[in-house]
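Summary of structural features
Residues per chain, in single letters:
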Amino acid sequence: MNNQLEISNIAAETMQVLRYFDRNFRSKISSDFLKLLEELSEGSNIVVKIDKNKELKDQNISEGCKDLIAIIYYRFIATEDEKREIIKAWNNNEMSYQNMLREKYNVDNIFKDKTDKNTDKQKIENSLVEIKKDSLIEKIKRFLNKIFRSK
């Protein structure tokens, strides 16, 4: 889907969802912003179905629409305390996402399976060598004991 059509669809979906919010909520949103959304939504041909009995989080709407509603809430509706909490949640989400990416694409972890297999192989070889060393030492001890006992 091209970007312009995607933007138009998100704007149309958001406008449709906003129609179900109460007037007090909608009145806090800038009229210029609502006009911009309306203009952007003109290129869309999607049909949005909203179930009045479900909460917003349970609606079958796109992530882009949810994101835009979150931004609208942050920009026009939220109090200063709410804005701080929202910023904190967004930052925590971003840090979690970045940590996940860092772990997933960490150079050390990419080759970890291969190095783990190699180190396992080396451990097995070392343990075999150690067993051989122990048995050799035991043989030498036994040999020396036999020599000294026989005398």
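These lines cover the structure that appears in this document, whether it is placed above or below. Note that residues are indexed from 1 along each chain, following the sequence as it is written. Local features in a predicted model are, by the rule used here, given only for residues with pLDDT of at least 70; side-chain atom pairs are given and counted only at 80 or more, and totals for whole chains, interfaces and linings are based on all residues. Working from all heavy atoms in the structure, the side-chain values ignore hydrogens and water.

**With respect to the overall build of the chain**
Every helix listed is a DSSP run of H or I at least four residues long, and every strand listed is a run of E at least two residues long, numbered separately from the N terminus. Each helix and strand counted, the chain has seven helices and zero strands in total. Moving toward the C terminus, one meets the helices and strands of the chain in the order α-α-α-α-α-α-α. Counting every position in the chain, which comprises 151 residues, the buried fraction comes to 17%. Any pair of residues with heavy atoms lying within 4.5 Å of one another is described as a contacting pair. Residue pairs in contact within the chain that sit at least 24 positions apart in sequence constitute 64% of those at least 6 positions apart. Buried means the residue's accessible area, taken with a 1.4 Å probe over protein chains only, is under 20% of the maximum for its type, while exposed means over 50%, and partly exposed covers the values in between.

**Some thoughts on the nonpolar core**
Taken as a class, soluble globular proteins show a tendency for nonpolar side chains to be buried jointly. Membership of the largest hydrophobic core is limited to nine residues, which are Ala11, Met15, Leu18, Phe25, Ile29, Leu37, Leu68, Ile72 and Ile77. Contributions of two or more residues to this core are made by helix H1 (3-18) and helix H4 (63-77). With residues near it in sequence (within four places) discarded, Met15 still touches Leu34, Leu37, Glu38 and Ser41. The next biggest cluster of nonpolar side chains, apart from the first, holds six residues, and it includes Val17, Ile50, Ile61 and Ile69. Remark: nonpolar core denotes a set of buried residues (Ala, Val, Leu, Ile, Met, Phe, Trp, Tyr, Cys) joined through side-chain atoms within 4.5 Å.

Keep in mind these numbers describe shape, not what the thing actually does.
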